[in-house]
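Examining the three-dimensional arrangement
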Amino acid sequence: MAFLRPVQANMNKHPTIDIAVGLENFDFQPLFEEFSAKTGIKVNILAFNNNQLKSELLLYADALQLPDAVIIPSDYMGLSELQFSVVPPSWLSNKLAPKVVENSKVNGELKGVPIMFGNHLIQYYNRTLTQHPITDLQSYVQQTHSNEAKLGWNYYEMYWFITFANSLQPNIIASGEPQLDTRAMRLALSNYQVLLNSTAIDADCAYQCLMNRFKTGKLTYFVNGIWAYRQLKDKLGDDLAVAPMPNWGNHRLTSFASSHVLSFPANAIESKQGPYLKKLVDFMQSQAIQDKLWDELNALPANGDSLQQLTERGDENLATLIASLQATYPQPNEPIMAYIWEAMLKGLTRYLGGVYSVEETTQYMQFIVTKSGQNENKSQHR
């Protein structure tokens with residue numbers, strides 16, 4: 001374990017906040033330095049690779065060494081082991097859209113303060129290779145007979161697959177129960193197999209492979225998250241264009257969207273650190289900070305006024321990124337979602353491998369997630 005509270009922090013006359021963040025997507029250092037300069041509160045940053053953040057936090061929980069605050073994807077709030085404080089509603093800015101607020105709750109309780117919003121999939125395309133995005137993926141697949149795939153699609157990543165299921169049923173979780181053994185899920189699996197069997201995509205080319213192909217002009221279209229925008233823009237410049245997710249026939253492929261939230265493990269709000277954490281919340285939600293998130297962190301702000309200002313810049317791509325939020329579903333933050341991702345991947349691979357029929361597949365997926373949820377409940381009540 002990498003984190004030990006520095007001895008000098010305890011001897012320092014200035015109050016200190018320990019905060020854990022993921023390294024890859026966002027550089028919070030300048031913002032925290034500004035916060036410290038304004039408030040006199042030192043911020044001790046614990047930075048991890050994104051794919052290690054969750055496991056490291058769980059290790060800290062076991063060692064009773066959790067930091068005072070974390071900036072995390074909203075679905076991490078469902079990790080009951082981290083004992084996140086319930087955030088007082090009065091801590092939230094009144095500039096937040098209702099969808100953003102809802103995305104900061106777990107089982108109806110506010111467990112985080114939304115700082116950034118989005119994290120959704122969109123369609124990129126290269127203007128030098130085409131002037132038009134794909135509007136109907138089903139038609140595109142039926143009409144494509146090229147030997148070389150021109151659409152980048154991260155096929156075995158379930159965040160991409162869920163767009164097919166979302167297009168046919170609005171809730172993957174309803175009344176607290178996973179909804180996997182449904183007619184909509186069976187149709188989604190069948191449609192997804194059609195995509196695999198076409199020549200439109202190369203399913204063996206995963207995320208980084210797809211990034212490299214799109215950057216070098218080997219792909220015309222690329223479905224990826226808004227997090228990739230700045231990297232692609234730096235490479236392609238004005239040749240990069242952004243479009244909404246395409247339809248599959250009569251249904252719009254619908255991405256999840258989620259927040260990055262400021263949350264407080266080990267019930268930190270109720271600790272002596274609470275007043276300092278409130279100052280950090282006020283700072284991160286302030287209009288001045290929200291207004292510069294896009295330019296400094298390449299992140300869409302959670303503040304509605306700041307989003308509107310970005311829309312009015314006259315940047316067509318940026319306006320499309322923001323407008324596409326309206327066609328997303330909030331990603332559920334319930335702990336069961338982790339088992340849903342696992343069940344979908346296990347079911348999909350068995351279905352594509354011919355092990356199960358589509359009916360058997362959705363029954364299997366439902367069984368996996370139900371059993372996992374029951375085991376989770378048993379372990380929590382031991």
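Residues numbered from 1 in each chain as written. Predicted model: local features only at pLDDT ≥ 70, side-chain atom pairs only at ≥ 80, totals over all residues. Heavy atoms only, no water.

Naming follows an unreviewed UniProt entry, where the protein chain appears as ABC transporter substrate-binding protein of Pseudoalteromonas piscicida.

**Some details on the overall build of the protein chain**
Short version of the rule: Helix and strand assignments follow DSSP, with helices taken as H or I runs no shorter than four residues and strands as E runs no shorter than two, numbered in order from the N terminus. With C-alpha atoms as the basis for the radius of gyration, the globule rule is written as 2.2 Å multiplied by the number of residues raised to the power 0.38. A simple rule labels every residue: compare its accessible area, found with a 1.4 Å probe on the protein chains alone, to the largest value its type can have, and call it buried under 20%, exposed over 50%, or partly exposed in between. The contact criterion used throughout is that any non-hydrogen atoms of two residues lie within 4.5 Å. Note on areas: Shrake-Rupley with a 1.4 Å probe; residue coverage comes only from the protein chains shown. A positive count includes Lys and Arg, and a negative count includes Asp and Glu. His and the chain ends are not counted in either. In this description, the location of a charge corresponds to atom NZ of lysine, CZ of arginine, CG of aspartate or CD of glutamate.
A tally of helices and strands in the protein chain yields 16 helices and 16 strands. Here the C-alpha atoms of the protein chain give a radius of gyration of 22 Å, agreeing with the 21 Å that 2.2 N^0.38 yields for 382 residues. Across its three principal axes, the protein chain shows a C-alpha extent of roughly 70 × 55 × 35 Å. Looking at the protein chain as a whole, 52% of its 382 residues are labelled buried. Look at the contacts in the protein chain between residues 6 or more apart in sequence, and 76% of them connect residues 24 or more apart. As displayed, the protein chain offers around 17200 Å² of accessible surface, 48% of which is attributable to carbon and sulfur atoms. Taken as two groups, the 30 positive and 36 negative side-chain charges of the protein chain have centres that lie 2 Å from each other.

**What about the packing of helix α6 (residues 158–166) against helix α7 (residues 183–197)?**
So the rule is basically this: For helices, the fitted axis covers only the stretch in contact; all axes are lines through C-alpha atoms, and the angles between them, taken along N-to-C directions, range from 0 to 180 degrees. Note that the term roughly parallel is reserved for angles under 35 degrees, roughly antiparallel for angles over 145, roughly perpendicular for angles of 65 to 115, and oblique for everything else. For a crossing to be left-handed, the near helix must be turned anticlockwise from the far one by less than a right angle; the clockwise case is right-handed. In this count, Pro and Cys sit with the nonpolar residues alongside Ala, Val, Leu, Ile, Met, Phe, Trp and Tyr, while Asp, Glu, Lys and Arg are called charged and the others, Gly among them, polar.
Between α6 and α7, the least distance of the axes is 8 Å, while the angle of their chain directions is 125 degrees. One way to sum up the angle between α6 and α7 is to call them oblique. As α6 packs across α7, the resulting crossing turns out to be right-handed. The segment α6 lies against α7, with Trp 160, Phe 161, Phe 164 and Ala 165 engaging Met 185, Ala 188, Leu 189, Asn 191, Tyr 192 and Leu 195. Taken together, the residues of the contact of α6 with α7 sort by class into 9 nonpolar, 1 polar and no charged.

**Structural notes on the state of the cysteines**
Filter applied, for reference: Any two cysteine sulfur atoms within 2.5 Å of one another count as a disulfide.
Enumeration over the complete set of coordinates arrives at 1 disulfide. Shown here is the disulfide that connects Cys 205 with Cys 209, its sulfur atoms set 1.9 Å apart. When the S-S torsion is -105 degrees, as for the bridge of Cys 205 with Cys 209, the disulfide is left-handed.

**What to know about the packing of aromatic side chains**
Keep this limit in mind: Aromatic pairing here means that ring centres of Phe, Tyr or Trp (its six-membered ring) are within 6.5 Å. Orientation follows from the plane angle: under 30 degrees is stacked, over 60 is edge-to-face, and everything else is tilted.
Within this structure, the stated rule accounts for 20 aromatic pairs. Aromatic side chains Phe 28 and Phe 32 sit 5.8 Å apart centroid to centroid with 25 degrees between the ring planes, which places their arrangement in the stacked category. Grouping residues by exposure puts Phe 28 and Phe 32 together as buried. Summarising the aromatic geometry, the rings of Phe 161 and Tyr 192 are spaced 4.9 Å apart at their centres and angled 70 degrees between planes, so their arrangement reads as edge-to-face.

**Section: the domain arrangement of the protein chain**
Interfaces are often sized by the accessible area lost when the parts come together. For clarity, the cut-off: The domain boundaries here were taken from an automatic or database domain assignment. In short, buried area is how much 1.4 Å probe accessible area vanishes from two parts on joining, totalled over both.
What the domain assignment reports for the protein chain is domain 1 (16–117 + 258–330) and domain 2 (119–256 + 333–381). Between the C-alpha centres of domain 1 and domain 2 the distance comes to 26 Å. The contact between domain 1 and domain 2 buries some 2200 Å² in all, and 52% of this surface belongs to carbon and sulfur atoms. When residues of domain 1 are sorted by the area they lose upon contact with domain 2, Asn 317, Leu 321 and Tyr 329 head the list and together hold 31% of the total.

**Considerations on the sheet that holds strand β11 (residues 221–225)**
The test is simple: Pairing between strands is defined by DSSP: at least two bridges between them are needed.
Taking strand neighbours across the sheet as the criterion, the 4 strands line up as β8-β11-β7-β12 in an open arrangement whose pairing is mixed. Only two strands of the sheet have a single neighbouring strand rather than two, namely β8 (151–152) and β12 (240–243). The strands that helix α8 (residues 207–215) touches are β7 (121–126), β8, β11 and β12; relative to β11, the one it contacts most, it runs at about 130 degrees. This element, helix α14 (residues 316–323), spans β7 and β12 of the sheet and lies at about 25 degrees to β12.

**Comments concerning the nonpolar core**
Selection rule: The definition of a nonpolar core used throughout is a set of buried Ala, Val, Leu, Ile, Met, Phe, Trp, Tyr and Cys residues joined through side-chain atoms within 4.5 Å.
If you look at the biggest cluster of nonpolar residues, it comprises 61 residues, and the most contacted ones within it are Phe 28, Tyr 124, Leu 262, Phe 264 and Met 284. For this core, the two domains that each supply at least three residues are domain 1 (16–117 + 258–330) and domain 2 (119–256 + 333–381). Setting aside residues up to four positions removed in sequence, Leu 262 forms contacts with Ile 19, Ala 69, Val 70, Ile 71, Gly 112, Val 113, Ile 115, Leu 280, Val 281 and Met 284. If you look at the next biggest cluster of nonpolar residues, it comprises 48 residues, including Tyr 125, Ile 134, Leu 151 and Met 245.

**Points about α14**
Our working rule: Each polar contact in these results corresponds to two N or O atoms within 3.5 Å; when the atoms are within protein, one needs to be able to donate a hydrogen and the other to accept it, and residues that are neighboring in sequence are counted only if both atoms are side-chain atoms.
Within the sequence span of α14, burial applies to Asn 317, Leu 318, Thr 320, Leu 321 and Ile 322. For α14, the elements touching its buried residues are β7, α9 (229–236), β12, α12 (293–297) and α13 (304–311). With a side-chain oxygen positioned 3.1 Å from the backbone nitrogen of Asn 317, the residue opening α14 is Asp 315.

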